[in-house]
Amino acid sequence: MDTVTRPRILVVGAGFAGVECVRRLERKLAPDEADVTLVTPVSYQLYLPLLPQVASGVLTPQSIALSLRRSRRYRTRILPGGAIGVDLKAKVCVVRTITDKIVNEPYDYIVLAPGSVTRTFDIPGLTEHAFGMKTLAEAAYIRDHVISQLDLADASDDPAERAARLQFVVVGGGYAGTETAACLQRLTHAAVRRYPRLDPGLIRWHLIDIAPKLMPELGEKLGRSAQEILRRRGIDVSLGVSIEKAGAEEVTFTDGRVVPTHTLIWTAGVVASPLIATLGAETVRGRLAVDPELTVPGQDGVFALGDSAAVPDLAKGHEGAVCPPTAQHASRQGKRVAENVIATLRGEPLQPYHHKDLGLVVDLGGKDAVSKPLGIELRGMPAQAVARGYHWSALRTGVAKARVMTNWTLNALAGDDFVRTGFQARKPARLKDFEFTDSYLTPEQVRARAEGGVNSP
C-alpha cells in the first residue's frame with residue numbers, strides 16, 4: 001500500500017509573526033490536513049514592547065513571557081532549538097537543538113519568521129562591554145546590574161569609583177532606547193532614596209543617538225515633548241552623537257567626551273536574523289525580499305514575514321515602501337501568511353498583505369507618555385492610558401493580561417523593593433553573550449548537510 005503523508009508546514013520563530021501564524025493555522029486547518037511544527041529555542045512568546053518595564057522592575061519577567069504550552073487544544077509540535085540554516089532547493093531546515101545536536105528538519109512549506117537581532121557596528125569594545133535590550137534574559141540581567149551599581153557605589157570609599165558607577169549610558173534614540181532610559185532612570189531615582197550615603201546628584205543618565213531627532217516617527221511636536229520630559233527628569237539627551245569606543249570603566253563619545261561608567265546599554269536598532277544570510281536569496285537592506293502575498297519570489301512553498309522580511313507596505317501607496325519592523329505589522333502579517341499557506345494547500349488564490357498603521361505609543365513610566373493613535377497626538381495621562389491600554393489588549397492570553405495588570409497596580413501602589421535576583425554572582429555577561437549570532441552556518445555548510453555531507457561543527 002502507498003503511504004500518504006500529510007503536508008509538513010514548518011514555522012521558524014515564535015515572535016509575534018510566528019505565533020500568530022501558528023495559531024491561525026491551528027484554527028483554520030482540518031486535523032488531518034497538515035502537520036505543523038514550530039522551531040523555537042524557548043517555548044514562549046516574548047511581548048517585546050514591555051521589555052523596558054521588566055528591566056526597571058515594573059513588570060516581572062514571567063508576565064510578558066506568554067507560554068506556548070499552556071493550552072491543551074494546540075496541536076503544533078514544538079521543536080526546541082534554533083534554525084541555523086535553510087536549503088531552499090532541498091527543502092531542509094538545519095536546526096541546532098537545545099541539547100546542541102544539529103538535525104535536518106524537512107518541510108513542504110516553510111514560514112520564515114526568525115525575527116531580528118541587535119544591530120552593532122565595528123566600534124572597539126562595543127560587544128565586549130555593552131548590554132543589549134532584546135531578550136528576556138538581558139532585561140533581567142540589566143535590572144540586576146543597575147541595582148548592583150548602587151550597592152557597589154554605596155560600599156565604595158573612592159569618590160571617582162562611586163561617581164563612575166552612578167553614571168549610565170544608553171545608545172539609541174528610538175522607542176527601545178528612549179523607554180529603557182526613561183524607565184531605568186525612574187528605578188534609580190526611586191532606589192537612591194534607600195541609600196543614605198549616596199548623593200542623588202551623582203546619578204547621571206545619558207541618552208545619545210547619531211540621528212538629529214528623538215523618535216522621528218512621532219513627528220516634530222511629540223518628539224520634542226518626549227525630549228523635554230526626559231531632560232526635566234535629569235536625563236542628558238545628546239543627538240548627533242554616538243560611541244567612538246567602549247571600555248570596562250569608561251565610554252568615549254564621538255564628540256570627544258569621555259564618560260566614566262560601568263553601564264553601557266546599546267539599543268541602536270535591529271537587523272534581520274543571520275538565518276536570512278544562509279538562504280542565498282535576494283534581500284533588501286538585509287531583509288528577505290518578498291511579494292505582497294508574503295511569498296519569496298521564485299521559491300516554491302516559501303513564505304517570510306516580520307522583522308526579517310522586506311514586506312511591501314501597500315497602505316503607503318508608493319513603490320519601494322516596506323513595513324517597519326514593529327509588533328503591530330508582524331502579528332497581522334502572521335495571520336495573513338497563515339491564510340495564504342492554507343490557500344496554497346487548497347489551490348486557492350493568495351491575498352496580499354495590507355494594513356494601515358494604527359499609530360505609535362511610547363510609555364516613559366509613571367504618568368509620562370507620548371502617543372499618536374490614528375494620527376492624534378497625546379501627552380501625559382491620556383497618552384499613558386492609550387499606551388498601556390494598547391499593550392494590555394495586545395497581550396494574547398487572559399493569564400498574561402491578569403499578570404500585567406496586577407504588576408502595574410502593585411507597582412503604582414507599593415513601588416519597588418529593589419531586589420537583585422543573583423545574576424551578578426555569575427560570570428559577567430554582555431551583548432555578545434545573549435544573542436548567539438555566531439551560531440549560524442554558511443550557505444555552503446547548509447548545502448553540505450542537506451545533501452548528506454560532513455556534519456558542520
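Use the structure listed above.
Quick caveat, the model's predicted, so the values are computed rather than measured.

Draft legend 1. Seen up close, the overall build of the protein. From N to C terminus, the protein includes 11 helices and 24 strands. Relative to the compact-globule value of 23 Å for 457 residues, the protein shows a C-alpha radius of gyration of 23 Å, a close match. Put simply, the protein has 457 residues, and 51% of those count as buried. Summed over its atoms, the accessible surface of the protein is roughly 21000 Å², and 53% of this surface lies on carbon and sulfur atoms. Looking at the protein, you have 56 positive and 50 negative side-chain charges, and the mean spots of the two groups are 6 Å apart.

Draft legend 2. Broad picture of helix 1 (residues 16–28). In a regular helix each residue adds 1.5 Å, so 13 residues correspond to 18 Å; helix 1 covers 18 Å between its end C-alpha atoms and thus fits that length. Counting buried positions over the 13 residues of helix 1 gives 11, a clear majority of the element. Listing the buried residues of helix 1 in full gives F16, A17, G18, V19, E20, C21, V22, R23, R24, L25 and E26. Among the structural elements, strand 1 (8–12), strand 2 (35–40), strand 3 (44–46), strand 8 (109–112) and helix 8 (327–346) are those in contact with the buried residues of helix 1.

Draft legend 3. Spatial organisation of the sheet that holds strand 10 (residues 167–171). In space, the 4 strands of this open sheet follow the order 12-11-10-16, with parallel pairing throughout. The open sheet has two edge strands, strand 12 (235–239) and strand 16 (263–266), and neither has a second partner. Mean inter-strand twist for the sheet, computed between neighbouring axes without regard to direction, equals 15°. One ladder, built from 5 bridges, connects strand 11 (residues 204–209) with strand 12; its direction is parallel. Bridge assignment links H206 to a residue of strand 12, and that residue is D236.

Draft legend 4. Spotlight on the layout of surface pockets. Each pocket or cavity is described by its volume, and for the second largest pocket that value is around 620 Å³. Along its surface, the second largest pocket is lined by 27 residues, and V58, R186, A190, G366 and N411 are the ones closest to its centre. Of all the secondary structure elements, the ones that give two or more residues to the lining of the second largest pocket are helix 6 (175–191), helix 9 (380–394) and helix 10 (398–414). Considering every element that reaches the lining of the second largest pocket, the biggest residue donor is helix 6, with 6 residues. A per-class count over the lining of the second largest pocket returns 10 nonpolar, 9 polar and 8 charged.

Draft legend 5. Structural view of the nonpolar core. With 108 residues, the main nonpolar core has I9, L25, I64, V86, I110 and L112 as its most contacted residues. Here the element with the most residues in this core is helix 4 (residues 136–155); it accounts for 8 residues. In this structure V86 touches V92, C93, Y107, I110, L112, L275, T278, L279 and V446, once residues within four positions along its chain are discounted. Core analysis: the next-biggest nonpolar cluster, separate from the first, contains 16 residues, I123, V171, V259 and W266 among them.

Draft legend 6. Region of interest: the side chain of E105. Secondary-structure assignment places E105 in strand 7 (residues 102–106). With relative accessibility at 12%, the residue E105 sits in the buried group. At a separation of 2.8 Å, a polar atom in the side chain of E105 contacts the side chain of R77. Leaving out residues up to four positions away in the same chain, E105 has contacts with L10, T37, R77, L79, K91, V92, C93 and V95.

Draft legend 7. Just the state of the cysteines, in detail. Tallied over the entire structure, the rule returns 0 disulfides. Left without a disulfide partner, C323 is nearest to the cysteine sulfur of C21, which lies 16 Å away. Taking the relative accessible area as the measure of exposure, C323 reaches 1% and is therefore buried.

Draft legend 8. Spotlight on the packing of helix 1 against helix 8. Look at helix 1 against helix 8: their axes get within 7 Å of each other, and the N-to-C directions meet at 40°. Judged by the inter-axis angle, helix 1 sits oblique to helix 8. When the axes of helix 1 and helix 8 are compared, the crossing they make is right-handed. Residues F16, A17, E20, C21, R24, L25 and K28 of helix 1 pack against A327, A330, S331, G334, K335, V337, A338, E339, V341, I342 and R346 of helix 8.

Draft legend 9. Structural context of the side chain of N407. Counting through the fold element by element, N407 comes out in helix 10. A polar contact is formed between the side chain of N407 and the backbone nitrogen of T60, at a distance of 3.0 Å. The contacts of N407, once residues within four sequence positions are left out, are V58, L59, T60 and S63.

Draft legend 10. Geometry of the environment of G13. Mapped onto the secondary structure, G13 falls in the loop between strand 1 and helix 1. Given a relative accessible area of 11%, G13 falls into the buried group. The spacing of G13 and D438 is 425 residues in sequence and 18 Å in space, taken between C-alpha atoms. What G13 contacts, discounting residues up to four positions off in sequence, is G18, V19, L38, V39, A113 and P114.

Cut-offs used in this document
Residues numbered from 1 in each chain as written. Predicted model: local features only at pLDDT ≥ 70, side-chain atom pairs only at ≥ 80, totals over all residues. Heavy atoms only, no water. Helix = DSSP H or I, 4+ residues; strand = E, 2+ residues; numbered from the N terminus. Rg over C-alpha atoms; globule rule 2.2 N^0.38 Å. Buried < 20%, exposed > 50% of the residue type's maximum accessible area, 1.4 Å probe, protein only. Areas by Shrake-Rupley, 256 points an atom, 1.4 Å probe, with all protein chains shown as cover. Lys, Arg positive; Asp, Glu negative; His and termini not counted. Charge placed at Lys NZ, Arg CZ, Asp CG, Glu CD. Expected span 1.5 Å × (residues − 1). Contact = heavy atoms within 4.5 Å. Pairing = 2+ DSSP bridges. Axes fitted to C-alpha atoms, helices over the stretch in contact; angles between N-to-C directions. 1 Å grid on protein atoms, 1.4 Å probe; cavity = no way out; pocket = protein on both sides within 12 Å on 5 of 7 lines; lining within 4 Å. Points joined across faces, edges and corners; volume = space filled by probe spheres on them. Nonpolar A, V, L, I, M, F, W, Y, C, P; charged D, E, K, R; others polar. Core = buried A, V, L, I, M, F, W, Y, C linked by side-chain atoms within 4.5 Å. Polar contact = N/O pair within 3.5 Å; in protein donor to acceptor, adjacent residues only side chain to side chain. Disulfide = S-S within 2.5 Å. Parallel < 35°, antiparallel > 145°, perpendicular 65-115°, else oblique. Left-handed = near helix turned anticlockwise from the far one by under 90°.

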